[in-house]
Amino acid sequence: MDNASLWIAIAGLAATTIASSAGLYFTYKAQRSPLRAQLHTKQIEVLVDFSIGATRLQKIAAALQDSGKLSPEDQGSLDEAWDEVSHRLLDIVQMGGIVLPSDLYSAMTAFRACADDFEVAVVKHSNIGKAYYDLMGAAMHVTMLSRELVGADSLSIESLRLHNKNGYARIQQVGRAAFARVARAFWSPSRRMTSRDEP
C-alpha cells in the first residue's frame, strides 16, 4: 500500500470514529434533555409546595408567640393547624430528598429542625422570640436557594431582553408606595360605597 492510500485509509477511519462519537454524544443528549426537563419541573413543584407550607407555618408561629394570651379554643385550633402543616411539610421535604440538590435538601431539613425547636420553645415558654426568628431565617435561606436553582433571575432577565425590559423598569420605578395610593383611592370605603351605586 502506497503512502497516499495509507493516509486515505487513516483519514477514513478517523472520520468514522468522529462520526460515531458525535452520534453517541447527540444520542446521549437527546436522552438526557427530557429527563432534565422532567427533573426541573418536579423540582419547581416541590419548591413551590414547600414555600406555601413554610409560609403557612410561619403565620401559625406568629400567632403562637402570644400563646399565653390565647383562649383554649384558639390554642387548640392553632396546635391542630401546626400539626397538619408540619406533616405536609415532612412529605414535601422527603420528596425533595429525591429530586433536589443536597444543599437545598439540607436547608429544608434545617427549616424543619427550626420548626421543632420553635414548638419546644412554645411548650416551655422559653426563648420563643429567638426560635421564631430562627424559623424565619431558615425559610428565607430555602427561598433564596430555590430562586437560584430555578433560575428565577437569570431566566427572567433573558425573557425581559426578548420582550419589554423598559416597561419592567418603569414599573419598578413607580414602586409599591405609589401603587398603595392607587389601591387606597380605588378601594377606600367611600369608593366601595360609590361603586355599589353605579349601574
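This text gives an overview of the structure that appears in the document. (Residues numbered from 1 in each chain as written. Predicted model: local features only at pLDDT ≥ 70, side-chain atom pairs only at ≥ 80, totals over all residues. Heavy atoms only, no water.)

Some details on the nonpolar core
Ranked by internal contacts, the top residues of the largest apolar core, which has 32 residues, are Phe50, Trp82, Met108, Phe111 and Phe118. Secondary structure elements with two or more residues in this core: α1 (3-64), α2 (72-99), α3 (102-124) and α4 (128-150). The element contributing the most residues to this core is α3, with 9 residues. If sequence neighbours within four positions are ignored, Phe111 has contacts with Phe50, Ala54, Leu57, Leu89, Leu135, Ala138 and Ala139. (Core = buried A, V, L, I, M, F, W, Y, C linked by side-chain atoms within 4.5 Å. Buried < 20%, exposed > 50% of the residue type's maximum accessible area, 1.4 Å probe, protein only. Helix = DSSP H or I, 4+ residues; strand = E, 2+ residues; numbered from the N terminus. Contact = heavy atoms within 4.5 Å.)

Notes on the packing of α2 against α3
Running from N to C, α2 and α3 point in directions that differ by 160 degrees, and their axes come no closer than 9 Å. Between α2 and α3, the angle is such that the two are roughly antiparallel. Two packed elements cross with a definite hand, and for α2 against α3 that hand is left-handed. For the pair α2 and α3, contact is made by Trp82, Asp83, Ser86, Leu89, Leu90, Val93, Gln94, Gly96 and Gly97 and by Tyr105, Met108, Thr109, Phe111, Arg112, Ala115, Phe118 and Glu119, respectively. Of the residues contributing to the contact of α2 with α3, the split by class is 9 nonpolar, 5 polar and 3 charged. (Axes fitted to C-alpha atoms, helices over the stretch in contact; angles between N-to-C directions. Parallel < 35°, antiparallel > 145°, perpendicular 65-115°, else oblique. Left-handed = near helix turned anticlockwise from the far one by under 90°. Nonpolar A, V, L, I, M, F, W, Y, C, P; charged D, E, K, R; others polar.)

Examining a nonpolar patch on the surface
A cluster of nonpolar side chains, namely Ile44, Val48 and Ile52, defines an oily patch on the protein surface of about 210 Å² accessible area. Inspection of the secondary structure puts Ile52 in helix α1. In this structure Ile52 comes out as partly exposed when scored by relative accessible area, which is 39%. (Patch = residues over 30% accessible without salt bridge, like charges linked within 9 Å, V, L, I, M, F, W, Y side chains within 5 Å. Areas by Shrake-Rupley, 256 points an atom, 1.4 Å probe, with all protein chains shown as cover. Salt bridge = Lys/Arg side-chain N within 4 Å of Asp/Glu carboxyl O.)

Notes on α3
Given a rise of 1.5 Å per residue, 23 residues ought to cover 33 Å, and the 33 Å separating the end C-alpha atoms of α3 matches this to within 8%. The set of residues buried in α3 consists of Leu104, Ala107, Met108, Phe111, Cys114, Ala115, Phe118, Ala121 and Val122. (Expected span 1.5 Å × (residues − 1).)

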